[in-house]
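Residues per chain, in single letters:
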Amino acid sequence: MTSTATSLIHPGWFAAIAILLWATSVLPEYLTALLFFAAVAVFRAAPPEVLFSGFQSDAFWLVLGGFVIGAAIRKVGLADRIAGHLAGRLTGSWFAMVAGVIALTYALAFVMPSNMGRIALLMPIIMALADRAGLAEGSPGRTALALAVGFGTYQLSASILPANVPNLIMTGAAERAYGVHFDYMSYLVLHAPVIGILKGVVLVGCLMWMFPASPQRIEGRAVTTPMSAAEWRLSLILLVTLALWMTDNVHGIRPAWVGLVSACLCLLPRIGFLNGEEFAAGVNVRTCVYLAGILGLAAVVAWSGLGNAIGDALIPHLPLDPAHPAADFASMIGLASLLNFVVTANGVPAVFTPLASALAEHTGLSLPTVLMSQVFAYATPLLPYQAAPIVVAAGMAWVPASAALKMCLLVGLISFVLLGPLYLLWFRLLGWIG
């Protein structure tokens, strides 16, 4: 056995066991993450700076800050106030409520660059809306609205170039490796009809079918109570935070650090809104550890070369033939979907993009077409751990892991069976596939 193969054994086994435990929920997800950390550290399967890189990532700190901001929004009453303005428009029927939340997640993706930031902003508002509509804790309706925030925020935003972390990783890797550039409008035209609009329709249908509910209709009415000083202060903090999130390409401060500063302001005496006990209650540490575990697993897999090894091993066995572009396109989506099980969504473009040149040679498709094919795969996770924003949304609303898992599987099945062929057809109509 070669030294390279030997070096992959421990990371490969530890990653496989963690993925299996997350997929089956045999153990609580946070405990699986801790066991993964312990095993890799004890057997020295990866350096600590790689293993624990999730705690250093932007995503981890943006989630932590998001929990604090969400707790503050709930405490001062701002979530309930905003929900009151939305209630009359979204509680006319269960369809209107689910479709309205999905539409909100997609609309916000056009102006706010961070999945985690959007979830942190929307979740307390939508949960307050659920309270007003009589959807109690643990009810199917409340679960549906929480999953609408998570799935809508992550899956639909893949159709908007700067609104999704995997998109940015993919475009950055393509630019560095091949000098290929994608502009905002052409990317939107290519992906929005299927991944944005039709996927949104699928999400609404799945949520309504899996989680039927009868929300109380709330007539729209003006909120008569004036805003408190705390609400005004928090509104100012949120407006500045949103402005900085939307203009991060101008000032260069990453969204995670903007969110962290806002969280600190929410915790400061006199200025802020939360004390130590409220901070402990508002931050779901289980979800934070779980997220760090997912990010750490992806980092270990990438560092060890396991992802590239799997990709290189699979390519020779794919049915690639320049005479059958449709089968080639499906094979590339399938390859990216398999990689998603190992490296999770953020890791897919980091592993798939370096393989794109070889795939283009074997298929006869253009390099940009090969690069774009992966978007459908990482936008359609089959298990919750593959997409961190879905995990975070479920954690913020205390949604059972089984509910998120069933939703992933159903949406994935419909997407690959029905939306996949339409995605191929749209590529052909636009001239991306001959």
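For clarity, every value in this text was computed on a predicted model and none was experimentally measured.

Visitor: Report on the overall build of the protein chain, specifying residues and quantitative values.
Guide: Within the protein chain, the secondary structure is distributed over 20 helices and zero strands. A compact globule built from 434 residues would reach a C-alpha radius of gyration of about 22 Å, and the protein chain, at 22 Å, matches this within 12%. A principal-axis box enclosing the C-alpha atoms of the protein chain has dimensions of 70 × 50 × 45 Å. Burial statistics for the protein chain: of 434 residues in total, 55% are counted as buried. Contacts in the protein chain between residues at least 24 apart in sequence constitute 80% of all its contacts with a sequence separation of at least 6. Of the roughly 17900 Å² of accessible surface on the protein chain, 69% is carried by carbon and sulfur atoms. Across the protein chain, 18 positive and 17 negative side-chain charges occur, with their mean positions spaced 10 Å apart.

Visitor: I'd like to hear about the packing of aromatic side chains, residue by residue, with values.
Guide: Summed over all chains, the structure comprises 16 aromatic pairs. Measuring from ring centre to ring centre gives 5.2 Å for Phe 55 and Phe 60, while their planes differ by 65°; the resulting arrangement is edge-to-face. Residue class for Phe 55 comes out partly exposed when judged on its relative accessible area of 29%. Overall, the relative accessible area of 8% leaves Phe 60 in the buried class. Arranged with centres 5.6 Å apart and planes meeting at 75°, the rings of Phe 376 and Phe 416 form a pair that is edge-to-face. Note that Phe 376 is positioned in helix α18 (residues 367-378) and Phe 416 in helix α20 (residues 401-429), a separation of 40 residues in sequence. Note on Phe 376: relative accessible area 1%, which makes it buried. Of the aromatic side chains, those joined through ring pairs into one cluster are Phe 36, Phe 37, Phe 52, Phe 55, Phe 60 and Trp 61. Looking at Lys 199, its charged tip hangs above the ring of Phe 376, at a distance of 6.0 Å from the centre.

Visitor: Hey, could you go over the nonpolar core for me, with residue numbers and the actual values?
Guide: Ranked by internal contacts, the top residues of the largest apolar core, which has 156 residues, are Leu 145 and Leu 359. Sort the elements by how many residues they give to this core and helix α17 (residues 325-363) lands first, with 16 residues. Those residues in contact with Leu 145 that lie beyond four places of it in its chain are Trp 94, Met 97, Val 98, Val 101, Ile 126, Met 127, Ala 130 and Leu 135.

Visitor: Account for the packing of helix α6 (residues 94-109) against helix α8 (residues 140-157), naming residues and giving values.
Guide: A packed helix pair is summarised by two numbers, namely the angle formed by the two axes and the spacing between the axes. Following both chains from N to C, one finds α6 and α8 inclined at 30°, their axes separated by 8 Å at the closest point. Put simply, α6 runs roughly parallel to α8. Here the hand of the crossing between α6 and α8 comes out right-handed. Residues Trp 94, Met 97, Val 98, Val 101, Ile 102, Thr 105, Tyr 106 and Ala 109 of α6 form the contact with α8, whose participating residues are Gly 141, Ala 144, Leu 145, Ala 148, Val 149, Gly 152, Thr 153, Leu 156 and Ser 157. A class-by-class count of the residues in the contact of α6 with α8 yields 12 nonpolar, five polar and no charged.

Visitor: Outline α20, listing residues and values.
Guide: In a regular helix each residue adds 1.5 Å, so 29 residues correspond to 42 Å; α20 covers 39 Å between its end C-alpha atoms and thus fits that length. At Leu 419, α20 shows its strongest bend, of approximately 45°, with the proline Pro 421 following within four residues.

Visitor: Which residues make up a nonpolar patch on the surface, and what values do they have?
Guide: Nonpolar side chains collect at one region of the surface, where Ile 197, Leu 198, Val 201, Leu 422, Leu 425 and Leu 429 lie side by side and expose about 550 Å² of accessible area between them. Contributing elements (two or more residues each) for the nonpolar patch: α10 (184-210) and α20. Along the chain, Leu 422 falls in helix α20. Taking the relative accessible area as the measure of exposure, Leu 422 reaches 38% and is therefore partly exposed.

Visitor: An account of the environment of Leu 198 is requested, with residue identities and associated values reported.
Guide: Mapped onto the fold, Leu 198 is located in helix α10. Given the relative accessible area of 32%, Leu 198 is considered partly exposed. Taking the C-alpha atoms as reference, Leu 198 lies 15 Å from Gly 100; in sequence the two are 98 residues apart. When residues no more than four places from it in sequence are discounted, the contact partners of Leu 198 are Pro 193, Leu 419 and Leu 422.

Parameters at a glance
- Residues numbered from 1 in each chain as written.
- Predicted model: local features only at pLDDT ≥ 70, side-chain atom pairs only at ≥ 80, totals over all residues.
- Heavy atoms only, no water.
- Helix = DSSP H or I, 4+ residues; strand = E, 2+ residues; numbered from the N terminus.
- Rg over C-alpha atoms; globule rule 2.2 N^0.38 Å.
- Buried < 20%, exposed > 50% of the residue type's maximum accessible area, 1.4 Å probe, protein only.
- Contact = heavy atoms within 4.5 Å.
- Areas by Shrake-Rupley, 256 points an atom, 1.4 Å probe, with all protein chains shown as cover.
- Lys, Arg positive; Asp, Glu negative; His and termini not counted.
- Charge placed at Lys NZ, Arg CZ, Asp CG, Glu CD.
- Phe/Tyr/Trp six-rings, centres within 6.5 Å; stacked < 30°, edge-to-face > 60°.
- Lys NZ or Arg CZ within 6 Å of the ring centre and 35° of its normal.
- Core = buried A, V, L, I, M, F, W, Y, C linked by side-chain atoms within 4.5 Å.
- Axes fitted to C-alpha atoms, helices over the stretch in contact; angles between N-to-C directions.
- Parallel < 35°, antiparallel > 145°, perpendicular 65-115°, else oblique.
- Left-handed = near helix turned anticlockwise from the far one by under 90°.
- Nonpolar A, V, L, I, M, F, W, Y, C, P; charged D, E, K, R; others polar.
- Expected span 1.5 Å × (residues − 1).
- Bend = angle between axes of the 7 residues up to and from the residue.
- Patch = residues over 30% accessible without salt bridge, like charges linked within 9 Å, V, L, I, M, F, W, Y side chains within 5 Å.
- Salt bridge = Lys/Arg side-chain N within 4 Å of Asp/Glu carboxyl O.

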